[in-house]
Amino acid sequence: MIHQRECPVETLIHVLGGKWKPMILWHLIESKKRFNDLEKLIPDVSQKMLSQHLRDLEREGIVDRTVYPAIPPKVEYSLSEYGRTLIPVAEVMCAWGENHNKRKYEESAS
């Protein structure tokens, strides 16, 4: 049975919650990435957490996983069409973060 969330913010947090999911989303906005690319772009994430978060985002329909028949296996991750609807959300979050950092810097400088 699927739990119906009453608050849309709760739904967003459920889908994008966690330390790394917004970072994954942000990096996939630019272009599709391989697992190793994401590891390099997010150096503090463990392989286990990156793999888990990618699976979660794929299950939610946010990320597409494409497997190419090659040896060694080649897998690329990209934002799905539905996942691309989160780009404006990510951009607003980024702008807020920049403003917050600027505010904190100005407070500490005074």
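Residues numbered from 1 in each chain as written. Predicted model: local features only at pLDDT ≥ 70, side-chain atom pairs only at ≥ 80, totals over all residues. Heavy atoms only, no water.

- If you check an unreviewed UniProt entry, the protein chain appears there as Helix-turn-helix transcriptional regulator from Paenibacillus sedimenti.

### A short note on the overall build of the protein chain
Okay, step 1: Across its full length, the protein chain holds five helices and three strands.
Okay, step 2: Secondary structure of the protein chain in N-to-C order comes out as α-α-β-α-α-β-β-α.
Okay, step 3: When each of the 110 residues of the protein chain is scored for burial, the buried share is 28%.
Okay, step 4: Sequence-distant contacts, at least 24 apart, represent 47% of the contacts inside the protein chain between residues at least 6 apart.
Okay, step 5: The centroid of the 16 positive side-chain charges in the protein chain is displaced by 5 Å from the centroid of its 16 negative side-chain charges. (Helix = DSSP H or I, 4+ residues; strand = E, 2+ residues; numbered from the N terminus. Buried < 20%, exposed > 50% of the residue type's maximum accessible area, 1.4 Å probe, protein only. Contact = heavy atoms within 4.5 Å. Lys, Arg positive; Asp, Glu negative; His and termini not counted. Charge placed at Lys NZ, Arg CZ, Asp CG, Glu CD.)

### So, the layout of surface pockets
If a probe the size of a water molecule is rolled over the atoms, the empty space left behind becomes visible.
Okay, step 1: Roughly 180 Å³ of internal volume is contained in the largest pocket.
Okay, step 2: At the level of elements, α2 (21-30) and α5 (87-109) are the ones that each hand at least two residues to the lining of the largest pocket.
Okay, step 3: Among the elements that line the lining of the largest pocket, the one with the most residues is α2, at four residues.
Okay, step 4: Here the lining of the largest pocket is built from residues that sort into seven nonpolar, no polar and no charged. (1 Å grid on protein atoms, 1.4 Å probe; cavity = no way out; pocket = protein on both sides within 12 Å on 5 of 7 lines; lining within 4 Å. Points joined across faces, edges and corners; volume = space filled by probe spheres on them. Nonpolar A, V, L, I, M, F, W, Y, C, P; charged D, E, K, R; others polar.)

### What about the pattern of salt bridges?
Okay, step 1: The tally for this structure, following the rule as stated, stands at seven salt bridges.
Okay, step 2: Across the pair Asp56 and Lys21 runs a salt bridge whose closest N-O atoms are separated by 3.4 Å. Of this pair, Asp56 sits in helix α4 (residues 47-59) while Lys21 sits in helix α2, and the two are 35 residues apart along the sequence.
Okay, step 3: Residue class for Lys21 comes out buried when judged on its relative accessible area of 7%.
Okay, step 4: Between Lys74 and Glu76 there is a salt bridge; the shortest N-O distance is 3.7 Å. (Salt bridge = Lys/Arg side-chain N within 4 Å of Asp/Glu carboxyl O.)

### Focus: the pairing of strand β2 (residues 63-68)
Okay, step 1: Sheet analysis places β2 next to strand β3 (residues 74-79), joined by six bridges and oriented antiparallel. What sits directly across from Tyr68, in β3, is Lys74.
Okay, step 2: Counting the residues between successive antiparallel strands, the hairpin from β2 to β3 contains five residues. (Pairing = 2+ DSSP bridges.)

### Overview of the sheet that holds β3
Okay, step 1: With antiparallel pairing, three strands are arranged side by side in an open sheet as β1-β3-β2. Each of the sheet's edge strands pairs with one partner strand only, and the pair in question is β1 (33-34) and β2.

### Overview of the packing of aromatic side chains
Okay, step 1: Under the definition given, this model contains zero aromatic pairs.
Okay, step 2: The ring of Tyr68 has Lys74 sitting right over it, with the charged end atom 5.1 Å from the ring centre. (Phe/Tyr/Trp six-rings, centres within 6.5 Å; stacked < 30°, edge-to-face > 60°. Lys NZ or Arg CZ within 6 Å of the ring centre and 35° of its normal.)

### Considering the UniProt feature "domain: HTH hxlR-type" (unreviewed entry) in the protein chain
Okay, step 1: Here the UniProt feature "domain: HTH hxlR-type" (unreviewed entry) sits at residues 7-105.
Okay, step 2: In the segment residues 7-105, helix accounts for 59% and strand for 14%; the C-alpha atoms at its two ends are 33 Å apart. (UniProt positions renumbered as here; feature names shortened; annotations may be inferred.)

### Things to note about the pairing of β3
Okay, step 1: Counted residue by residue, β3 has five buried out of six residues, so it is predominantly covered.
Okay, step 2: Judged from the two bridges that link them, β1 and β3 form a sheet pairing that is antiparallel. Paired with Lys33 across the two strands is Tyr77, which belongs to β3.

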